[in-house]
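# Structural features, examined
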Amino acid sequence: MGKGIWVYAEHKDGKIKKVTYEMLGVARQLADQLAEEVAAVIIGKEVGELASALGEYGADKVYVLENDALAEYTTDGYTRALARLALEHQPTAIFLGCTVQGRDLAAQVAQRLQAGLCTDCTKVELQDGQITLTRPIYAGKAFVQAISPEARPVMATIRPNVLPVPQPQGGRAAEVVQVDVEPGDIRQVIKEVVRQVSTRPELTEADIIVSGGRGMKSAENFRILEELADVLGAAVGASRAAVDAGYAPHSMQVGQTGKTVSPQLYIACGISGAIQHLAGMGSSKVIVAINKDPEANIFKVADYGIVGDLFEVVPLLTREFRKLLG
Ligand code: FAD
C-alpha cells in the first residue's frame, strides 16, 4: 500500500465545496490504479461532522484537524497544519482546488515540502505509471502535460467544474483520524468577515454564468443580466472592458486577469471574444453568444450564436425561461 492520494477538503459555511468531490473522484481512480488509499484532509473548527460526506465520495480516510484558532482560514495556520501532516505521512500526491484559498495554501505548502506545484490543472491521469497533470498554457491556446518522476508529493491545484463529481455511495464510511494540531503563531488577524449578500452562486463554481461586456453600455444595464441570471440560478460575470468602464466590479471579471470559470453554460452578452476573455471561459461546456456583430470573434467559440441587439434578446430570453422554469 502506497502512502496515499490526498485531497484538501475545502469548505465554506459548513458545506464541502464541490471541487473537493471532483478531486475525490479522480483521486479514487488514481488510488485504485496505484493500490493506494485516498485521504481527505479537513481543517477548521467543528468540521468533523463533514467527514461522512467525504467517505461517500471516495475517501478511505479523513484527517480532521480542528482547533479554535483555525475557525477561519489563515495562510499561516492552515499551511502549518497541512504541511506538518504531509511531512509526517509523506503522501504520494496532494490535490487542492484552484480556488482563492486553494491557490494560496498550495503554494505555501509546496514550498514547505520542497515539492513542485502544477496549478490550474484540467486533467489528472495515470500514464506509464506516472501521475500526469494537464494544464492550459498561452491563455488556453495549448495544453502542457507535467509529471514529477521522483519528487514526492506530486502537488496540483485543480480547476473547479472541470472534473466530474463521482456518484456518492450512501453509507460508505471513511476512517476518521482526529489529529492534534498546534497552530502556533498566526500572523494574519481576522478582524471581521464581510460577506457579500448574494443569493447567486459564486462565479468560479456556478453551473450557469451570464456575462456582460462593453456592449452593456452602463452599470445600470447589467440589471437585465441579473434578471436573466436570477431566473436561471446563474452567476453574473463581466469582461475586462466592462469592468474598466465601471459597469461591474473586478470580482466579476472573467479572463486572463480575472477569474477562470468552467460552467455548464456561459451566456456572453455584448462581448467580442478577445483571447484574454476566452482564456477565462473557453472551457465552458456550452457557450451562447449574443452580439450584434456577426463577425465577432466570440462566434468562433460559441456553440450557439444569436446575432442581434442584446437589449432585445436578453429580456426575451428572461421572459421565455421564466415561462419554462416557473
Ligand atoms: P469589446 O471588445 O469592445 O466588445 C464589445 C462587443 O459588444 C462588440 O463585439 C460589439 O459588437 C458588441 N455589442 C455592442 N453593443 C451591442 C448590443 N447592443 N447588442 C449586442 N452586442 C453589442 N479581457 C477580459 O475580458 N478579461 C480579462 O481578464 C482580460 N485580461 C487582459 C489582460 C491583458 C494583459 C490585456 C492586454 C487585455 C486583457 N483583456 C481582458 C482585455 C481584452 O483584450 C479585451 O479588450 C476585452 O475582453 C474586450 O471586452 P469586450 O468584449 O466587453 O469589449
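Because the structure is predicted, anything quoted here is derived from the model rather than measured.

Hydrogen bonds between backbone groups are what pair the strands of a sheet, and the pairing can be parallel or antiparallel. Taken together, the seven strands give an open sheet; going across it, the order is β7-β11-β6-β1-β4-β5-β12, and neighbouring strands pair in parallel fashion. Among the strands making up the open sheet, the edge pair consists of β7 (118-121) and β12 (175-179). Taking each pair of neighbouring strands and ignoring which way they run, the sheet shows an average axis angle of 25 degrees. Pairing of strand β5 (residues 61-66) with β12 involves five bridges; the strand directions are parallel. Within β12, the residue paired with Lys61 across the bridge is Glu175. Across the face of the sheet, helix α1 (residues 18-34) comes into contact with β1 (5-8), β4 (38-44), β6 (93-97) and β11 (154-158) while running at roughly 175 degrees to β1. On top of the sheet, helix α4 (residues 100-113) reaches β1, β6 and β11; it is set at about 170 degrees to β11, its chief contact.

Attention now goes to the UniProt feature "domain: Electron transfer flavoprotein alpha/beta-subunit N-terminal" (unreviewed entry) in the chain. Listed under "domain: Electron transfer flavoprotein alpha/beta-subunit N-terminal" (unreviewed entry) in the UniProt record, and renumbered for this structure, are residues 5-194. The distance separating the terminal C-alpha atoms of residues 5-194 is 35 Å; by composition the span is 27% helix and 31% strand.

Now for the site of the ligand. Taken together, 26 residues surround the ligand, and among them Arg214, Ser239, Thr257, Ser272 and Asn291 come closest. One of the backbone nitrogen or oxygen atoms of Val254 is found 2.8 Å away from a nitrogen atom of the ligand. Contacts to the ligand include Leu310, whose backbone N or O atom sits 2.9 Å from a nitrogen atom. In isolation the ligand offers 980 Å² of accessible surface; the protein chains occlude 77% of this area. Those elements giving two or more residues to the shell around the ligand turn out to be α6 (240-244), α7 (275-281) and α9 (310-325). Along the lines of polarity and charge, the residues of the shell around the ligand split into six nonpolar, 14 polar and six charged.

Moving on, we get to helix α5 (residues 222-232). Every buried residue belonging to α5 is among Phe222, Ile224, Leu225, Leu228, Ala229, Val231 and Leu232, and all of these are buried. Downstream of α5 by one or two residues, Gly233 has phi in the positive range, about 70 degrees.

Below, the discussion takes up the pattern of salt bridges. For the structure shown, the criterion picks out 17 salt bridges. Two residues, Arg223 and Glu226, come together in a salt bridge whose shortest N-O distance is 2.7 Å. Of the two residues, Arg223 and Glu226 both sit in helix α5, three residues apart, roughly one turn of that helix. A residue is classified by how much of its surface remains accessible, and Arg223, at 41% relative accessible area, is partly exposed. Connected via shared salt-bridge partners are Arg28, Asp32, Asp60 and Arg172.

The next point concerns the side chain of Ser218. Note that Ser218 resides in the loop between β13 (208-212) and α5. A polar atom in the side chain of Ser218 sits 3.1 Å from the backbone nitrogen of Asn221.

Moving on to the sheet that holds strand β16 (residues 286-291). Ordered in space as β14-β13-β15-β16-β17, the five strands form an open sheet in which the pairing is parallel. Looking at strand neighbours, the two that pair on one side only are β14 (235-238) and β17 (304-307), the edges of this open sheet. Each strand of the sheet is rotated relative to its neighbour by a mean of 15 degrees, with strand direction disregarded. Note that β13 and strand β15 (residues 265-269) share five bridges and pair parallel.

Attention now moves to the packing of α5 against α9. Relative to each other, α5 and α9 sit at 20 degrees, their axes nearing to 9 Å. One way to sum up the angle between α5 and α9 is to call them roughly parallel. With respect to the hand of their crossing, α5 and α9 are arranged in left-handed fashion. Contacts between α5 and α9 involve Ile224, Leu225, Glu227, Leu228, Val231 and Leu232 from the first element and Leu310, Phe311, Val314, Pro315, Leu317, Thr318, Phe321, Arg322 and Leu325 from the second. In terms of residue class, the contact of α5 with α9 is built from 12 nonpolar, one polar and two charged.

Cut-offs used in this document
Residues numbered from 1 in each chain as written. Predicted model: local features only at pLDDT ≥ 70, side-chain atom pairs only at ≥ 80, totals over all residues. Heavy atoms only, no water. Pairing = 2+ DSSP bridges. Helix = DSSP H or I, 4+ residues; strand = E, 2+ residues; numbered from the N terminus. Axes fitted to C-alpha atoms, helices over the stretch in contact; angles between N-to-C directions. Contact = heavy atoms within 4.5 Å. UniProt positions renumbered as here; feature names shortened; annotations may be inferred. Near = heavy atom within 4 Å. Polar contact = N/O pair within 3.5 Å; in protein donor to acceptor, adjacent residues only side chain to side chain. Areas by Shrake-Rupley, 256 points an atom, 1.4 Å probe, with all protein chains shown as cover. Nonpolar A, V, L, I, M, F, W, Y, C, P; charged D, E, K, R; others polar. Buried < 20%, exposed > 50% of the residue type's maximum accessible area, 1.4 Å probe, protein only. Salt bridge = Lys/Arg side-chain N within 4 Å of Asp/Glu carboxyl O. Parallel < 35°, antiparallel > 145°, perpendicular 65-115°, else oblique. Left-handed = near helix turned anticlockwise from the far one by under 90°.

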